[in-house]
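# A look at the structure
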Amino acid sequence: MEWKITCIPGDGIGPEIVAEAKKVLDAVAGKYGHVMHCTDILMGGASIDVHGVPLTKEAVEAAKSADAVLMGSIGGDAATSPWYQLPPNLRPEAGLLAIRKELNLFANLRPAVLYDELVEACPLKTEIAAAGFDMMIMRELTGGLYFGERRTTEENGVKTAVDTLVYNENEIRRIAVKAFEIAKKRRGKVTSVDKANVLDSSRLWRQVVEEVAKEYKEVTLQHMLVDNCAMQLVKDPAQFDVILTENMFGDILSDEASMVTGSIGMLASASLNDTKFGLYEPSHGSAPDIAGKDLANPIATVLSAAMMLRYSFDLDEEADAVERAVKQILKEGYRTSDIMSDGCRLVGCRQMGDLLAKRI
Ligand code: IPM
Ligand code: MG
């Protein structure tokens, strides 16, 4: 079959990791007889440098015209990069938030899995790591604090800043339905995370999630407060199957979950709307400190490409092959520096990509 993929290499390590994911996709296309056309667009700092804005209308149109979007990472070092001298709405991150909104990508899936081979890299106590974990964080991606009204004002020399956390019931319902659908195909448990002891938006969240749960008798629903969830993720991560949560809580908890897997360099993500279309990106940032040094771990991006094969193209067998290649390479002892441990073989970003492509 034939697909159109729009690629956003982006900033920092983005171009390096996307190049390796493309190698792996080429290997998949070759082996399974598919044609995948990749077209690059600019976003984030790379777009600011050329167009003065982090995302152009043309780039959005190019993304919309594809079957899926594969992204690296955007942003730079806020302390040194000139991009951060610009007003907030013109900085790199604004491009990412805008494309999510433009493409209506309200459901962000971030799987966090502890690979047997990486148990030594897991910072948790041995007995907790030994139990393993395999969870899916479902983060609402186009509402909440990151998209609510915000402003900074000054009165009598005193500055005040306000951000608004706003959700309507439809926004909550559609992400809850996705979470229950996914839980049905996994271990049948949804943990909905909120701060219902304080926030109105969380109380509405809880109410709507309970309504949705009634349609899914085979799935168990549990509510958990976000502060407790942060604790449970390091105390007993094996208890989680699907974690369903709003935008900011999901942003924070998914970084925490990824770190307990041993490295944020392993965590893939898919951002979906109501169609087969999706944007696929690693959950990590642009790591400007190691950009261009062939040190980045491309696995999160490769696994994001696998999610693209699975969710946007319905190519389960091909997605399995990519995930198997990652496990195989880890089993053979190849490691990038972020997941390196004694007795393993250190490789760079490019060599990791080559090895993965060869194992397809
Ligand atoms: C992420 C990132 C983004 C977010 C930033 C770069 C705007 O942290 O994808 O988790 O907060 O969504
Ligand atoms: Mg984040």
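Quick summary incoming for the structure in this document. (Residues numbered from 1 in each chain as written. Chains lettered and ligands numbered in written order. Predicted model: local features only at pLDDT ≥ 70, side-chain atom pairs only at ≥ 80, totals over all residues. Heavy atoms only, no water.)

Among the six residues of strand E8 (residues 189–194), five are classified as buried, and the element is accordingly described as predominantly covered. Bridge analysis of E8 against strand E9 (residues 220–225) gives six bridges, and the strand direction is parallel. Across the sheet, Lys-189 pairs through a bridge with Thr-220, a residue of E9. Assessed by its sense of winding, the connection that carries the chain from E8 through helix H7 (residues 200–213) to E9 is right-handed. With four bridges joining them, E8 and strand E10 (residues 242–245) adopt parallel strand pairing. Residue pairing for E10: Val-193 is matched across the bridge by Thr-245. (Buried < 20%, exposed > 50% of the residue type's maximum accessible area, 1.4 Å probe, protein only. Helix = DSSP H or I, 4+ residues; strand = E, 2+ residues; numbered from the N terminus. Pairing = 2+ DSSP bridges. Right-handed = clockwise from strand over helix to strand, strands pointing away.)

Glancing now at unusual backbone geometry. For Asp-294, which is not glycine, the phi dihedral falls at a positive 60°. In this fold, Asp-294 is placed in the loop between strand E12 (278–280) and helix H10 (299–311). The backbone of Asp-314 sits at a positive phi, close to 55°, despite the residue not being glycine.

Time to look at the sheet that holds strand E5 (residues 134–140). Read across the open sheet, the 10 strands follow the order E2-E1-E3-E12-E11-E4-E5-E10-E8-E9; overall the sheet is mixed. Strand pairing shows two members of the sheet lacking a second neighbour, strand E2 (35–40) and E9, which therefore form its edges. Going across the sheet, the axis of each strand differs from the next one's by a mean of 25°, ignoring polarity. In this sheet, strand E11 (residues 270–272) lies alongside strand E4 (residues 107–113) in antiparallel orientation, the contact comprising three bridges. (Axes fitted to C-alpha atoms, helices over the stretch in contact; angles between N-to-C directions.)

The next thing to look at is the site of ligand 1. Around ligand 1, the neighbouring residues are Glu-93, Arg-100, Arg-110, Arg-139, Tyr-146 and Asp-251. In the environment of ligand 1, an oxygen atom lies 2.6 Å from a nitrogen or oxygen atom belonging to the side chain of Arg-100. Between ligand 1 and the protein, one listed contact pairs an oxygen atom with a side-chain N or O atom of Arg-110 at 2.9 Å. In the complex, 76% of the free accessible area of ligand 1, which totals 320 Å², lies under the protein chains. A class-by-class count of the residues in the shell around ligand 1 yields one nonpolar, no polar and five charged. (Near = heavy atom within 4 Å. Polar contact = N/O pair within 3.5 Å; in protein donor to acceptor, adjacent residues only side chain to side chain. Areas by Shrake-Rupley, 256 points an atom, 1.4 Å probe, with all protein chains shown as cover. Nonpolar A, V, L, I, M, F, W, Y, C, P; charged D, E, K, R; others polar.)

So, about the nonpolar core. Grouped burial of nonpolar side chains is what soluble globular proteins tend to show. Ranked by size, the top nonpolar core spans 64 residues in total, and within it Leu-70, Leu-109, Met-138, Leu-244, Leu-309 and Leu-356 carry the most contacts. It is H10 that provides the largest number of residues to this core, a total of eight residues. Apart from residues lying up to four places away in sequence, Leu-109 is in contact with Met-136, Ile-137, Met-138, Ile-182, Ala-268, Ser-269, Ala-270, Leu-272, Met-307 and Tyr-311. In this structure, Met-135, Leu-233, Val-260 and Leu-267 belong to the second largest nonpolar core, which totals 21 residues. (Core = buried A, V, L, I, M, F, W, Y, C linked by side-chain atoms within 4.5 Å. Contact = heavy atoms within 4.5 Å.)

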